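# Structural overview
What follows is the residue order along each chain.
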Amino acid sequence: MARPAPMKFIELLVLTSDVRPVLDFLGKKGVMELLDPSGVSFTTSSKLDGASLATTGDGAPSAKDVQLQKICDELDHTQTTYKISGWIAAKDVASLAKELEELTKGAIAITAYDPEEVPEVKEGKYKVPVKLNHGKFIKSFDRMVLSYGVPEYSSVDPTHWVACFFTLLFGLMFGDAGQGLVFLILGILLSKNAIKFLSSWSKFGPVFIALGCSSTLMGILTGEFFANGHLLMPLSRFLTGLFGEPHDHILHLMPSAGNINVIFGFFLFTLAIGFIINSTGLILNFMDALRHKDLGRFLFGKIGLSGALFFWYVIWMAIRIVLLKIPPFWLDWVIIGVSLFGVFMGHPLSRLITGKRPVFEHGLFTAVIEGVVEILEVISSYLSNTISFLRVGAFGLAHAVLGFIISTMSEMVGGIGGIAIMIIGNAIVIVLEGMIVAIQVIRLQYFEFFSKFFHKTGREFKPFCYEGNV
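Owing to the predicted nature of the structure, the values given are computational and were not obtained by experimental measurement. (Residues numbered from 1 in each chain as written. Predicted model: local features only at pLDDT ≥ 70, side-chain atom pairs only at ≥ 80, totals over all residues. Heavy atoms only, no water.)

### Structural notes on the environment of L23
Structurally, L23 is set in helix α1 (residues 20-29). The sequence separation of L23 and F454 amounts to 431 residues, and the corresponding C-alpha distance is 36 Å. In contact with L23, not counting residues within four places along its chain, are L34, L68, I71, C72, L75, I84, F464 and Y466. (Helix = DSSP H or I, 4+ residues; strand = E, 2+ residues; numbered from the N terminus. Contact = heavy atoms within 4.5 Å.)

### With respect to the pattern of salt bridges
Under the counting rule described, the total for this entry stands at 17 salt bridges. Between D114 and K8 there is a salt bridge, with its nearest N and O atoms 2.5 Å apart. With D114 in the loop between β5 (108-113) and α4 (119-122) and K8 in strand β1 (residues 7-15), the pair connects residues that are 106 residues apart, well separated along the chain. Taking the relative accessible area as the measure of exposure, D114 reaches 26% and is therefore partly exposed. Owing to a relative accessible area of 22%, K8 belongs among the partly exposed residues under this scheme. Bridged by salt links that share partners, the residues K91, D92 and K131 form one connected network. (Salt bridge = Lys/Arg side-chain N within 4 Å of Asp/Glu carboxyl O. Buried < 20%, exposed > 50% of the residue type's maximum accessible area, 1.4 Å probe, protein only.)

### Considering the environment of V40
With respect to the helices, strands and loops of the structure, V40 is situated in the loop between β2 (32-35) and α2 (63-74). When the C-alpha atoms of V40 and D332 are compared, they prove to be 55 Å apart, with 292 residues separating the residues in sequence. Beyond its immediate sequence surroundings of up to four residues, V40 is in contact with L34 and L35.

### Some thoughts on the nonpolar core
Membership of the largest hydrophobic core comes to 44 residues, with the highest contact counts inside it found for L169, F170 and F450. Elements supplying a minimum of two residues to this core: α6 (142-146), α7 (159-173), α8 (177-191), α9 (205-222), α11 (260-291), α17 (390-413) and α18 (415-449). Ranked by residue count, the leading element in this core is α18, at nine residues. Ignoring sequence-local partners within four residues, the contact set of F450 consists of M144, V145, Y148, P158, V162 and Q445. (Core = buried A, V, L, I, M, F, W, Y, C linked by side-chain atoms within 4.5 Å.)

### Digging into the pairing of β1
A regular strand places its side chains on the two faces of the sheet in alternate fashion. The pairing of β1 with strand β4 (residues 81-89) spans nine bridges and is antiparallel. Paired with K8 across the strands is I88, a residue of β4. Two strands pair when backbone bridges link them, and β1 and β5 are joined in this way by six bridges, in the antiparallel orientation. Of the residues in β5, the one forming a bridge with E11 is T111. (Pairing = 2+ DSSP bridges.)

### Things to note about helix α14 (residues 330-344)
Side chains three or four residues apart in an α-helix point the same way, a direct result of the helix having 3.6 residues per turn. Between its terminal C-alpha atoms α14 stretches 21 Å, which fits the 21 Å expected from 15 residues at 1.5 Å a residue. All of the buried residues in α14 are D332, I336, S339, L340, G342 and V343. Looking straight down α14, one finds that the buried residues subtend no more than 150° of arc, so they occupy a single side. With respect to the buried face of α14, the exposed residues turned more than 90 degrees away are W330, W333 and V338. Those residues of α14 that are buried are in contact with α13 (305-324), α15 (346-353) and α16 (364-387). (Expected span 1.5 Å × (residues − 1). Arc of directions from axis to C-beta.)

Below, the structure is given as structure tokens:
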């Protein structure tokens, strides 16, 4: 299970009467979050331009020098010693310590602590900051997680799953090989910062590359290339011919009398994807609860083992009834009843096994009311969370129909007008439908996936740095 990067609390005692060169170095390095004596992060300096300490032409101190001096004044210090405290990723401690010793010629004492060793953390005064430590591809999806909330330190980091599910769902909803290639090329250009007016989007280049690959692959399956359903037919016939009788499309989503079963199967497939995503969220919650030794959260409630057992067993029972023709019997109702009891009495049972007293914190009547609400919520939420993924199939179907309309109108008009319709239609689909599909994918992950395990939010790591240095 991926987790945020391990952090260290670090204290620097610098033997100097002027600590500004040390602060200037830390600002350029950009790996440490500086705290003032009250535990508040020095983040205002992040807007400094990173120029070396200097004065203006008339001898007056520069704006940067003034701000650094202000920070110096707020630090704990004597005439000859300054104390600098803050947070740093554990992997950066050794290299920073070596460089600081060289900079100060050994006139510095450096001490690093694990978060659990810091009294202020135990007392709740300091909140350990969270730094998501990913490679270039996964890092491009960080903002999708952080815009929802910062994961709590030592809890689950869902970014890898977000990257996987976002890429998959977008391709299922936006399948067109030509339009996918546009996203792919745009992603490559953004990654290389080749489009200057979109330079602020360069960090999302890998996202566009992933979406482009996913959309292109889905387009090959559906046989669509810039809304044209005929250009890829030779490829589809060749690929399907390798496994039997050749077909014009591998997966034909355009509604017709002969492919209703295919469309129905595609919708069932999207429901299966939804089941996997919901279940992954539940499993992440279980693992996180066990890591924090929170048996109450692990066993009881709608996102505990009780709620998950209800969800999984009802799905299994429905599949069994439809495919195996085995009707419900007494054991089914026992399992469902036990799981719902764990949901109904989730809060009191959690208090019981964790040794908290009284078991009924606000009285028996309140516990019963809470239990009824939990039962209603677990039934409605799991039902809605599952059915919600039908929109994936609906958008995939709508994309195929929209492509058919653009292609048909282009053929009807013909000539230059037909080409114009094809170009304008594809441009509208790429921009507008691309945005709508992206929003829908984000919505599915926020409400169906994150809601299973994202309980508390942490604080994002804010390094003391100059603009452009990190």
